[in-house]
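Structure at a glance
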Amino acid sequence: ETGVTQTPRHLVMGMTNKKSLKCEQHLGHNAMYWYKQSAKKPLELMFVYNFKEQTENNSVPSRFSPECPNSSHLFLHLHTLQPEDSALYLCASSQDYRGGYNEQFFGPGTRLTVL
Amino acid sequence: QKEVEQNSGPLSVPEGAIASLNCTYSDRGSQSFFWYRQYSGKSPELIMSIYSNGDKEDGRFTAQLNKASQYVSLLIRDSQPSDSATYLCAPGGSARQLTFGSGTQLTVLP
């Protein structure tokens, strides 16, 4: 595997379900990010982890719960979602957060549909 | 004022022409600037990074940065139909967190 991988690529869930999104980066980076991309809206930063520590939580509802067990893996746990949470969820990584060269590299995304 | 503003699209250019994509940003502390390309249904792909005022060329792509004017642009020379995508501008703000613009949709007509 190379770059940033995400699983599953597509997910359909009911509002009462619990599911998790997984992200893995193979770039040796130290920072990982979750973004939400809804139709016709800019990318919205959700969470940032730098060296496994959460450094940003952009007022994300508690029904989204991130987990970062190590610098290579990032999870997004989902529960009691709403239909408006349907979107493309993107994981990204960079060398570090707030460093001088912080190009972010994205995974392919998980297309989430909440029924 | 939006933090990052890009040309309202969609933008259409004929094959072989120069496509010009513009972006202005509000955070004067921004030090790094990135252009991403996003094909429909796909994730953003980094295509250019620029850190200093002036031009940076990479193949058919040229990024131009003017920090005094808080302006960054991307020129695509000899546009190809495969360049048809949405282009996202992303300045790294004073806190170095990337802020993405809404994107400009480019269509290159054969």
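A quick note: this is a predicted structure, and the numbers were derived from the prediction, not measured.

A closer look at the state of the cysteines
Residues and elements named next belong to chain A. According to the stated counting rule, one finds two disulfides over all chains in the structure shown. Put simply, C23 and C91 are joined by a disulfide, and their sulfur atoms are 1.9 Å apart. Residues C23 and C91 are joined through a disulfide that is left-handed, its torsion about the S-S bond being -70°. Here C23, found in strand β3 (residues 18-25), pairs with C91, found in strand β9 (residues 87-94); they are 68 residues apart in sequence, far enough to count as distant. Taking relative accessible area as the criterion, C23 reaches 0% and is therefore assigned buried.

Topic: the environment of A:A39
By the secondary structure assignment, A:A39 is in the loop between β4 (31-37) and β5 (44-50). Measuring from C-alpha to C-alpha, the distance between A:A39 and A:T5 comes to 22 Å, with 34 residues separating the pair along the chain.

Section: the sheet that holds strand β6 (residues 54-58) of chain B
Residues and elements named next belong to chain B. Strand order in this open sheet of five strands is β1-β3-β8-β7-β6, and the pairing throughout is antiparallel. Where the open sheet ends on each side, the last strands, each with one partner, are β1 (4-6) and β6. The mean angle between the axes of side-by-side strands here comes to 15°, regardless of whether they run parallel or antiparallel.

Description of the sheet that holds β3(A)
Two modes of strand pairing occur in sheets, parallel and antiparallel, and in both the strands are linked by backbone hydrogen bonds. Residue and element names in this part refer to chain A. Strand order in the open sheet made by the four strands is β1-β3-β8-β7, with antiparallel pairing throughout. Strand pairing shows two members of the sheet lacking a second neighbour, β1 (4-7) and β7 (64-70), which therefore form its edges. Neighbouring strand axes in the sheet, compared pairwise and without regard to direction, differ in orientation by 20° on average. The pairing of β1 with β3 spans four bridges and is classified as antiparallel. What sits directly across from V4, in β3, is Q25.

Calculation rules
Residues numbered from 1 in each chain as written. Chains lettered and ligands numbered in written order. Predicted model: local features only at pLDDT ≥ 70, side-chain atom pairs only at ≥ 80, totals over all residues. Heavy atoms only, no water. Disulfide = S-S within 2.5 Å. Helix = DSSP H or I, 4+ residues; strand = E, 2+ residues; numbered from the N terminus. Buried < 20%, exposed > 50% of the residue type's maximum accessible area, 1.4 Å probe, protein only. Pairing = 2+ DSSP bridges. Axes fitted to C-alpha atoms, helices over the stretch in contact; angles between N-to-C directions.

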